[in-house]
Amino acid sequence: MGGEGRWFGLLLLAQVLVGAAAIFARFALTGADALAVSALRLALAGGPLLAWALARRRLKRLDRSLEAGFAAAGALLALHFVTWIASLGAIPVAISTLLVCTAPVWNTLYDRVAEGRRPGARFWGASLLALAGLGLVCSGPSRGTANPAWIRGCALATAGGMAMAAYLVLVQKLDRRAGGVPTLGIVARTYAWAALGLVGAAALAGSPPPALGDRPAWMGILGMALVSQMGGHSLLNAAVRRIPAVTVAFTTLLEPVCAGLLAALVFGERLGPAMVAGGALILAGVVLCLWPGRRVAC
């Protein structure tokens, strides 16, 4: 029982570390745009993962079609990060993190369409809750006064959640086609492709990294890569091997809560009653989608 309690404690710590990613991103955005920040985050996190996977022989050779599929998954992962990080420049941390964690809703929608199954009551209930919450959140700080930047931020964060949902669906299909790929092999491969694509995109777009002397920006980038990605996500992957996946899935709902609390402490961000109510509705919709406990989406 003591060992299990320790893992529950580490699982909660993991959510705090992952939730801190938005705080680190805010600091990183003071010195570079979202494209450069995303490229640096993925390069710094993906490099060690790739080296580790190679050292442990988790990167087996794949045929060209499968490798192209993982490259496409990497592109979706890159889109997830760049849209979410860009949204942080326009909307509060809690709202951005909440919207990007709606991936289970989009996964459920895809499952119903792809499998040709008639949507059940739970699906419609989850969708209505999430849409109602989205409407409240995207209406802006005061009802009816949402400005274009606010709406753009909400759209970017939601797009980030959709991209993550598409990434999970594609990786699941590729894993089945490949006959089972180790988790480390999948993560290292997709991160490498995502980093390669974003570094190339940043170079073509003329998006430079922060100045070498910009300590807050670089600390933010290193925090995202090493603390949130290497630390938080590594703990989640370790916990899911010792704690039921459904438990891990439900604890991911703490990520936007942790991010919001940290943003209140660090930046003094506060949410109005309508946004809190909208966030609660979105979380309720995500809970309904996660109930089977099949995915850890955030």
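Quantities reported herein were computed from a predicted structural model and do not represent experimental measurements.

If you walk through the whole model with that rule in mind, you get two aromatic pairs. Centroid distance Phe-27 to Phe-267: 5.5 Å. Interplanar angle 45°. Geometry classified as tilted. Of this pair, Phe-27 sits in helix H2 (residues 21-28) while Phe-267 sits in helix H12 (residues 254-267), and the two are 240 residues apart along the sequence. Where Phe-81 meets Tyr-191, the ring centres are 6.2 Å apart and the plane angle is 65°; that geometry is what we call edge-to-face. Residue Phe-81 is found in helix H4 (residues 64-87), and its partner Tyr-191 is found in helix H9 (residues 183-205); the two are separated by 110 residues along the sequence. Directly above the aromatic system of Phe-267 lies the positively charged group of Arg-26, at a separation of 5.4 Å from the ring centroid. Here Arg-189 stacks its cationic end above the ring of Phe-70, 5.8 Å away from the centre of that ring.

So, on to the confidence of the model for the chain. The predicted model of the chain averages 84 in pLDDT, with 91% of residues at 70 or higher. Element-level mean pLDDT values for the chain span from 70 in helix H11 (residues 245-251) up to 95 in H2. A low-confidence stretch, residues 294-298 (pLDDT under 50), is modelled with 18 contacts involving residues beyond four sequence positions or located in other chains.

Turning our attention to helix H5 (residues 93-100). For H5, a buried count of eight out of eight residues is recorded, marking the element as mostly surrounded by other parts of the structure. Residues of H5 that are buried include every one of Val-93, Ala-94, Ile-95, Ser-96, Thr-97, Leu-98, Leu-99 and Val-100, and no others.

Taken together, the side chains of Leu-44, Met-219, Leu-222, Leu-226 and Val-227 define a hydrophobic patch exposed on the protein surface, amounting to about 400 Å² of accessible area. Here the element with the most residues in the nonpolar patch is helix H10 (residues 215-239); it accounts for four residues. The residue Met-219 is located in helix H10 in this model.

About the thresholds
- Residues numbered from 1 in each chain as written.
- Predicted model: local features only at pLDDT ≥ 70, side-chain atom pairs only at ≥ 80, totals over all residues.
- Heavy atoms only, no water.
- Phe/Tyr/Trp six-rings, centres within 6.5 Å; stacked < 30°, edge-to-face > 60°.
- Helix = DSSP H or I, 4+ residues; strand = E, 2+ residues; numbered from the N terminus.
- Lys NZ or Arg CZ within 6 Å of the ring centre and 35° of its normal.
- pLDDT = per-residue confidence, 0-100.
- Contact = heavy atoms within 4.5 Å.
- Buried < 20%, exposed > 50% of the residue type's maximum accessible area, 1.4 Å probe, protein only.
- Patch = residues over 30% accessible without salt bridge, like charges linked within 9 Å, V, L, I, M, F, W, Y side chains within 5 Å.
- Areas by Shrake-Rupley, 256 points an atom, 1.4 Å probe, with all protein chains shown as cover.
- Salt bridge = Lys/Arg side-chain N within 4 Å of Asp/Glu carboxyl O.

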